[in-house]
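# Summary of the model geometry
Here is how the chains run, residue by residue.
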Amino acid sequence: LILLDAAIERGGLHPFFQAKVSMADGRICGAEALARIATSPTGFANPVPFIEFAECNNRIDDLTIVMTRIVAQHAKSFFVDGKPLPISINISPMSLGRLGFPDIMASTVEAMGLPASQVTLEVTETRLLDYGPNALDVLSRIRIKGFGLSVDDFGTGYSNIDRLQMYPFTELKIDQSFTRNALTEGFARACVETSVRLAKELGLRIVAEGVETQDMWNFLADLGVDEAQGFLMAEPMPAADFQKLLARGLPPLQVAGLQSRRA
């Protein structure tokens, strides 16, 4: 409770940023903001227990709004080739029960000088059944405000075409548990291939998480995945370090062979 209060009220929340990389050219094309809660001047705690505690104590929107405000402040200085960098922020399925949530999110990012169109909100797919009766209305309002909308951890919950068609998602993220095992396990490979095919049929941007090897990159590129996240390219890092990464770009060897494969 003390750490949660510190995160919400006293500046204890620190977003880390992980690069999203285009599989077309191997360049940074976005970033996901990941919450970290300070436990010491140099230490950070896994946010999952605190997020669950915030959900149970009706403080998750407070935590999300603080996170969004800090992320938007940093994102104003994130550019690639002179263009603003798209940013993704995670939101709780519980927030989808509150009809005023889209207005709050839009006013938060716009007050920091960031357009909603630069931000994609990610909602975990593992809890689609928890979305509640207002979810479709809230998600539609989120899209009307200009936000992108991503279904996160796809494949780990109760996925089906009807649910993806029902909600106005713009992006599908393949869960890292499938990505990491796709080259060694038939089931994981089938899940990745099916997810990509389904996303293409629905016109969704496809992002693969957990990309850690060149072989995995090549496999996903051949399938037609749009973007990738993972330690092969960059790990999550504080805003100052991410700013430096944007300035210098990714090491070219990390996407070796890409141009020759697509030539």
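Before reading further, recall that the structure is shown in the block above.
### Some thoughts on helix H4 (residues 101-111)
Turning to H4, its buried residues number three or more, namely Phe101, Pro102, Met105, Ala106, Thr108 and Val109. One side of H4 carries all its buried residues, which in axial view fall inside an arc of 160°. Of the surrounding secondary structure, the elements contacted by the buried residues of H4 are helix H3 (60-75), strand S6 (87-91), strand S7 (119-124) and helix H5 (135-144). Immediately beyond the C-terminal end of H4, within one or two residues, lies Gly113, with a positive phi of roughly 85°.

### Side note on the nonpolar core
The tendency in soluble globular proteins is for nonpolar side chains to be buried as a group. One finds Ile142 and Phe242 to be the most contacted residues of the largest nonpolar core, which totals 81 residues. If sequence neighbours within four positions are ignored, Ile142 has contacts with Ile91, Leu96, Phe101, Pro102, Leu121, Phe147 and Leu149.

### Structural notes on the pattern of salt bridges
Taken as a whole, this structure holds 14 salt bridges when the rule is applied. Where Lys173 meets Glu32, a salt bridge forms, and the shortest distance between an N and an O atom there is 2.9 Å. One end of the pair, Lys173, is in strand S9 (residues 171-174); the other, Glu32, is in strand S2 (residues 28-38), and 141 residues separate them in sequence. Owing to a relative accessible area of 4%, Glu32 belongs among the buried residues under this scheme. Of the charged contacts in the structure, one is a salt bridge between Arg180 and Glu212, with a shortest N-O distance of 2.9 Å. Of the two residues, Arg180 is situated in the loop between helix H7 (176-179) and helix H8 (186-202) and Glu212 in the loop between strand S10 (205-208) and helix H9 (214-223); the sequence distance between them amounts to 32 residues. For Glu212, a relative accessible area of 37% corresponds to the partly exposed category. Three or more residues joined by partner-sharing salt bridges are found here, namely Lys20, Glu171, Arg205 and Glu227.

### Topic: the layout of surface pockets
Of the voids in this model, the largest pocket is the one considered here, and its volume is about 1000 Å³. Glu32, Leu34, Val48, Asn90 and Asp152 are the residues nearest the centre of the largest pocket, which is lined by 38 residues in total. Every element with two or more residues in the lining of the largest pocket is listed here: strand S1 (13-22), S2, helix H2 (48-56), H3, S6, S7 and strand S8 (148-154). It is S2 that contributes the most residues to the lining of the largest pocket, 5 residues altogether. Classifying every residue of the lining of the largest pocket gives 15 nonpolar, 11 polar and 12 charged. Here the second largest pocket is characterised by a volume of approximately 210 Å³. Forming the boundary of the second largest pocket are 17 residues, of which Pro86, Thr120, Glu171, Arg205 and Glu227 lie nearest the centre. Looking at the lining of the second largest pocket, the elements that each hand over two or more residues are S2, S6 and S7. A per-element tally of the lining of the second largest pocket places S2 first, with 3 residues.

### Some details on the environment of Leu34
One can find Leu34 in strand S2. Along the sequence, Leu34 and Met237 sit 203 residues apart, while their C-alpha atoms lie 9.1 Å from each other. Once residues lying within four places of it in the same chain are set aside, the contact partners of Leu34 are His14, Pro15, Phe16, Gln18, Met67, Asn90 and Pro236.

### Remarks on the side chain of Gln229
By secondary structure assignment, the location of Gln229 is in the loop between strand S11 (227-228) and strand S12 (237-238). Classification of Gln229 as buried rests on a relative accessible area of 2%. Filtering out sequence-adjacent residues up to four positions away, Gln229 remains in contact with Gln18, Ala19, Lys20, Glu32, Lys173, Val207, Ala208, Glu209, Gly210 and Val211.

Each value, and the rule that gives it
- Residues numbered from 1 in each chain as written.
- Predicted model: local features only at pLDDT ≥ 70, side-chain atom pairs only at ≥ 80, totals over all residues.
- Heavy atoms only, no water.
- Buried < 20%, exposed > 50% of the residue type's maximum accessible area, 1.4 Å probe, protein only.
- Helix = DSSP H or I, 4+ residues; strand = E, 2+ residues; numbered from the N terminus.
- Arc of directions from axis to C-beta.
- Contact = heavy atoms within 4.5 Å.
- Core = buried A, V, L, I, M, F, W, Y, C linked by side-chain atoms within 4.5 Å.
- Salt bridge = Lys/Arg side-chain N within 4 Å of Asp/Glu carboxyl O.
- 1 Å grid on protein atoms, 1.4 Å probe; cavity = no way out; pocket = protein on both sides within 12 Å on 5 of 7 lines; lining within 4 Å.
- Points joined across faces, edges and corners; volume = space filled by probe spheres on them.
- Nonpolar A, V, L, I, M, F, W, Y, C, P; charged D, E, K, R; others polar.

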